[in-house]
Each structure stands twice: as C-alpha cells, then as structure tokens.
Amino acid sequence: WKTHEFNNAENEESVSIDLTSTVPATANSDYYLVVHPSKVIDHIGNHRTERVQKVFKFDNTAPTCTITITSGTKGLSDWYVTKPTINMTYSDSRGSVEKYGLTTSTTASYNSKKNLQQDDTTGVKYYGYVKDYAGNVGKCELETIKVDTTPPTAPTKGSFSVSGTDPNATLNKAPGAKDELSGIE
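Residues numbered from 1 in each chain as written. Predicted model: local features only at pLDDT ≥ 70, side-chain atom pairs only at ≥ 80, totals over all residues. Heavy atoms only, no water.

Structural notes on the overall build of the protein chain
Counted only if it meets this: For helices the rule is a DSSP run of H or I covering at least 4 residues; for strands it is a run of E covering at least 2, with both sets numbered from the N terminus onward. For every residue, the accessible area obtained with a 1.4 Å probe (protein chains only) is divided by the maximum for its type, and the residue is called buried under 20%, exposed over 50%, and partly exposed between those limits. For every accessible area listed, the method is Shrake-Rupley and the probe measures 1.4 Å; residues are considered covered only by the protein chains on display.
Broken down by element type, the protein chain carries zero helices and 12 strands. Helices (α) and strands (β) of the protein chain occur, in sequence order from the N terminus, as β-β-β-β-β-β-β-β-β-β-β-β. Every one of the 185 residues in the protein chain was classed for burial, and the buried ones make up 26%. For the protein chain, the accessible surface area stands at approximately 12400 Å², while carbon and sulfur atoms represent 49% of it.

Take a look at the structure:
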C-alpha cells in the first residue's frame, strides 16, 4: 500500500484531488487515500468530523490469453481428421477481467466464448481477446488449422490399375477418387 494524505483544512464540501503527479504512469498497485478532517454539518448546525479513506487501484498491465487445441486427432500433413476443440484461457495480474472472446476475426470481439469446435476447413486462424476493467487489452492467436473429417469418395468399380505382377505391386491412383478438402495422395 502507498498512502497519500490530503488535509481538508477549509472543510470544503467537494474535494478534487489529482493523483497523477504522485502516482507513476506505470503503477500497478493499490493506493490508499486519506482525507482528514472531513466535517459534515446538517442544516441546524449538528456536525460530525471524521477521516475519509478510499482505496484506488491502478492497473496498467494488459491481461494475457492462450489458445490451445484440447481435442481432435491430427492426421497426415497437419490435417485434423476429427473435429478439434479450440480452448482459450486468460488471466490478469489484478484479477479484473471484464470481457473476453474467441473468434476468427482480426478485429477484437468480446463474445464471451472460450471454447469452440471447428468444422471442416482448408484453413482457419483463431484470435483471442481479453479486456480488464482498467481498459487494458490482451490478444493471442493460434496457428492456422486445417480440418477434413470427410473420407474421400471411392472410384467406380474397374477403374484401378496394377503395375507389375508382383503380389506387392503398386496400385495406381484411381482416376475417379477425389477429396474436396485435403486432396488425394
């Protein structure tokens, strides 16, 4: 705690105190302000004198976030062959997260989503945004992910060809086989 004291000797009804000259711009701590004496007088002359105290929290540190894939099976060439679950976690050194969001947009979105499941895609990138009550903003991102849960279509009967007579011969690519997302090997 850092304490700043102000003497209200004039017993003003309203006191404006500028702490910017005493609190550093990089402050991330609590400040305790004491105003004394503060005298309250009603319309018939009764009065009470007391000390007024207030705690101010200064926060200049942005919250942090991390995006991970918590489920999903990765196949060949970094393609997910089952729907992955994307998860965002966040934290704030002052414990004051106001809003957060997980999105594919590069523009901040505070949609209150922390978990999403991704459908088939040739590539998508996720961004996480988190904002604390002091207005500090944190951003995180996940590398581009590709998802293909749909098996390729099989060629029609009779469109296969075999090279050679060896039982371990190579089966040539069937002209009718296709896969719209990840392609055919």
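Next comes the rest of the description.
A word on the nonpolar core
Formally: Within this scheme, the nonpolar core is defined by two criteria: the residues are buried Ala, Val, Leu, Ile, Met, Phe, Trp, Tyr or Cys, and they are joined through side-chain atoms within 4.5 Å.
I67, I86, M88, L102, Y126, L142 and I145 are the most contacted members of the largest nonpolar core, which has 14 residues in total. At the level of secondary structure, the elements contributing two or more residues to this core comprise β4 (64-71), β6 (85-91), β7 (97-103), β9 (121-132) and β10 (137-147). Considering every element that reaches this core, the biggest residue donor is β10, with four residues.

Describing the side chain of S96
Relative to the elements of secondary structure, S96 occurs in the loop between β6 and β7. Here S96 falls in the buried class, since its relative accessible area comes to 16%.

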